[in-house]
Number of protein chains: 2
Amino acid sequence: MAGAVADPVRREILLMLRDERLTAGQVAERFAISRPAVSRHLRVLREAGLVRDTADGRRRVYELVTAPLEELAGWLGRLTAPAGWQHHLDALETEVHRTRRERRAQPERSEKPHEPGQRAQAEQRESA
Amino acid sequence: MAGAVADPVRREILLMLRDERLTAGQVAERFAISRPAVSRHLRVLREAGLVRDTADGRRRVYELVTAPLEELAGWLGRLTAPAGWQHHLDALETEVHRTRRERRAQPERSEKPHEPGQRAQAEQRESA
DNA sequence: CTGATGCGTAACTTACTGGTTACGCTTTCG
DNA sequence: CGAAAGCGTAACCAGTAAGTTACGCATCAG
C-alpha cells in the first residue's frame, strides 16, 4: 500500500480524486505523461484498493477509497506518538555502553529482539 | 519523503528507532540483510530527515526524528477528510454526462484544471 | 455498417533501487 | 604500535517500475 503512495503522480491522482469522480481520460488530460502510463498508475491504485472504478459505457469512472489509508495513518500515529520519550535519552545511553562490553564475551545479542524474524531479499518488495 | 517510507525495511527501522536510540550495528543485527545494505537505508532515512545520527567514538548512534512525518500526516489528512462528500455522488454524476456532450463541441476541457502544470519524466523521482 | 472515441494491454527501453562483496578510514584495546 | 571493531563507500549485479509506441476491443454516433 505504502508503495502505491510513494509515487508523486499517484499522490496527485489521489488528490484530484479527493473531491471529484473522474474518468481515466480526464485524469490523463491533467498530466504530461501518456495516457497508457496513467492507465497503469490507475491500475496500481486500484490493486492497492485506493481507488474503485466503475464501467460507464465506453468510459471508466474512478473514485477515491479512503479506507485503506487509515492503515497508513495508524502506522504513522504509532511513530509520532512514542512510547517513552525522555526514558532512553539517559537510560539507554548506559545500555549501549554495557552492551558494548558484553558483545565481546557473547556474540549473541542480548538486546530486545524487536521480532525481526527472517527478512531477506525475497519478500521485500510490496506490491499493494 | 514518502519514498523513504515506502520500503518495508525502512519502516521497520523507524519503528525500532521509535523508542530506542540504536547504533548502526545494532540496527543491522536485527535484519537478515547485510550491514552495508542497512547502512544505506539509514542514509536514505537520514537524507529524508527522518533520523538523525550522532558520532560516538567509532560508532554512530541513530535516533528518530518525527517532525517530517507530520507533513505526510497532513497530506493523509487532506485525503481522508474530503471537502464535500455526499456532494458529488449525485451532483457530479450529472456533470459527467453533461461534459460528455460538451466535449464533442469544444475539445477544450471545461473542468477544473486542478493546476497540473508540466510534469514529465524529469522531476518524477523524489529522493527525499 | 462504419468510423471515431475511450481504455486497457502488450512489447520494449531505460533508469533506479536494493542487495552483495571488497575496501578504506577511524577509534579502541592489548 | 598493531590488530580488531564499527561504519561507511565503491563497484557491481539483478529485479522492478515507469515511460513510450503499437495494437486490440468495446461502445457510441452517423
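Residues numbered from 1 in each chain as written. Chains lettered and ligands numbered in written order. Predicted model: local features only at pLDDT ≥ 70, side-chain atom pairs only at ≥ 80, totals over all residues. Heavy atoms only, no water.

1. Structural notes on the overall build of chain A
Looking only at helices and strands, chain A has six helices and three strands in total. The order of helices and strands in chain A, counted from the N terminus, is α-α-β-α-α-β-β-α-α. Looking at chain A as a whole, 43% of its 128 residues are labelled buried. Taking the contacts inside chain A whose residues are at least 6 apart along the sequence as the reference set, 48% of them involve residues at least 24 apart. Here chain A has roughly 7,200 Å² of accessible surface; of this, 47% comes from carbon and sulfur atoms. (Helix = DSSP H or I, 4+ residues; strand = E, 2+ residues; numbered from the N terminus. Buried < 20%, exposed > 50% of the residue type's maximum accessible area, 1.4 Å probe, protein only. Contact = heavy atoms within 4.5 Å. Areas by Shrake-Rupley, 256 points an atom, 1.4 Å probe, with all protein chains shown as cover.)

2. What about the sheet that holds strand β2 (residues 51-56) of chain A?
Residues and elements named next belong to chain A. Taken in spatial order, the three strands line up as β1-β3-β2 in an open sheet, and their pairing is antiparallel. Single-partner strands in this sheet number two, and they are β1 (22-23) and β2. Sheet topology note: the β1/strand β3 (residues 59-64) ladder contains two bridges and is antiparallel. Its bridge partner lying in β3, L22 is registered against Y62. The strands that helix α4 (residues 35-47) touches are β2 and β3; relative to β2, the one it contacts most, it runs at about 120°. (Pairing = 2+ DSSP bridges. Axes fitted to C-alpha atoms, helices over the stretch in contact; angles between N-to-C directions.)

3. Things to note about the sheet that holds strand β2 (residues 51-56) of chain B
Residue and element names in this part refer to chain B. Read from one edge to the other, the open sheet built from three strands follows the order β1-β3-β2, with strand pairing classed as antiparallel. Pairing within the sheet leaves two strands with one partner each, and these edge strands are β1 (22-23) and β2. In the sheet, β2 pairs with strand β3 (residues 59-64) via six bridges, with the strands oriented antiparallel. Note that in β3 the partner of A55 across the bridge is R60. Packed onto the sheet, helix α2 (residues 8-17) meets β1, β2 and β3 and runs at close to 90° relative to β3. Against the sheet, helix α4 (residues 35-47) touches β2 and β3, its axis set at about 120° to β2.

4. A word on the pattern of salt bridges
In the structure shown here, the tally under the stated rule is twelve salt bridges over all chains. The salt bridge involving E47 of chain A is made with R43 of chain A; its shortest N-O contact spans 3.8 Å. Remark: R43 of chain A and E47 of chain A occur in helix α4; sequence separation between them is four residues, near one turn of the helix. With relative accessibility at 55%, the residue E47 of chain A sits in the exposed group. For R43 of chain A, a relative accessible area of 37% puts it in the partly exposed group. Ionic pairing is found between E63 of chain B and R21 of chain B, a salt bridge with its closest N-O pair at 3.7 Å. Note that E63 of chain B is positioned in strand β3 and R21 of chain B in the loop between α2 and β1, a separation of 42 residues in sequence. Salt bridges sharing common partners tie together R21, R52 and E63 of chain A. (Salt bridge = Lys/Arg side-chain N within 4 Å of Asp/Glu carboxyl O.)

5. Examining the side chain of R10 of chain B
Residues and elements named next belong to chain B. By the element assignment, R10 lies in helix α2. With no salt bridge to any partner, buried R10 finds its closest opposite charge in D7, at an N-O distance of 4.6 Å. Here G3 takes part through its backbone oxygen, which lies 3.5 Å from a polar atom of the side chain of R10. The residues contacting R10, other than those within four sequence positions of it, are G3, A4, H41, V44 and L45. (Lys, Arg positive; Asp, Glu negative; His and termini not counted. Polar contact = N/O pair within 3.5 Å; in protein donor to acceptor, adjacent residues only side chain to side chain.)

6. Overview of the confidence of the model for chain A
Close reading of the predicted structure is inappropriate where its pLDDT is low. In the predicted model, chain A carries a mean pLDDT of 74, and the fraction of residues at 70 or more is 63%. Ignoring residues within four places in sequence, the model shows residues 87-128 of chain A, a span with pLDDT below 50, making 52 contacts including any to other chains. (pLDDT = per-residue confidence, 0-100.)

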